[in-house]
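The primary structure of each chain is shown beneath.
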Amino acid sequence: HKSAWTHKWNDKEPWIEIDLGSEKEISQIQITEYKSQCRKFVLSAKTEHGDYEVIHEGTYLEEFSKKFKPFKASSLKLEILKREHGTVQVKAFNIY
């Protein structure tokens, strides 16, 4: 059985938030898309003050992997700003 996060086809500004339960130190994020549909995205981290801070802006999500200078966050938010035909399907969202 395969599963993935996806949005409704008519969502104009789809996003997903990963709640980490408490503040965690993060040094790497990997996101895998089922099919390459994403053409522009923003990845943000929720700071200790409750605000979201953009940590990365990108184009193709497909097999995204980025190492960061370690930072702390209580959640991460992926916003899909532009996509190809259909919906974006995230099959893995790994946080290290």
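Residues numbered from 1 in each chain as written. Predicted model: local features only at pLDDT ≥ 70, side-chain atom pairs only at ≥ 80, totals over all residues. Heavy atoms only, no water.

A. Seen up close, the packing of aromatic side chains. For the structure on display, the rule yields two aromatic pairs. Plain terms: the ring middles of Phe-41 and Phe-64 are 5.4 Å apart, the flat faces sit at 80 degrees to each other, and that makes the pair edge-to-face. With Phe-41 in strand S3 (residues 38-46) and Phe-64 in strand S5 (residues 63-83), this residue pair connects regions lying 23 residues apart in the sequence. Pair check on accessibility: Phe-41 and Phe-64 agree, each one buried. Ring centres of Phe-68 and Phe-71 lie 5.6 Å apart, and the angle between their planes is 80 degrees; this geometry places the pair in the edge-to-face category. Of the residues examined, Phe-68 reaches a relative accessible area of 13% and is grouped as buried. When the ring centre of Phe-68 is taken as reference, the NZ or CZ atom of Lys-66 above it lies at 5.5 Å. Residue placement shows Lys-77 over the ring face of Trp-15; its charged tip is 4.6 Å from the ring centre. (Phe/Tyr/Trp six-rings, centres within 6.5 Å; stacked < 30°, edge-to-face > 60°. Helix = DSSP H or I, 4+ residues; strand = E, 2+ residues; numbered from the N terminus. Buried < 20%, exposed > 50% of the residue type's maximum accessible area, 1.4 Å probe, protein only. Lys NZ or Arg CZ within 6 Å of the ring centre and 35° of its normal.)

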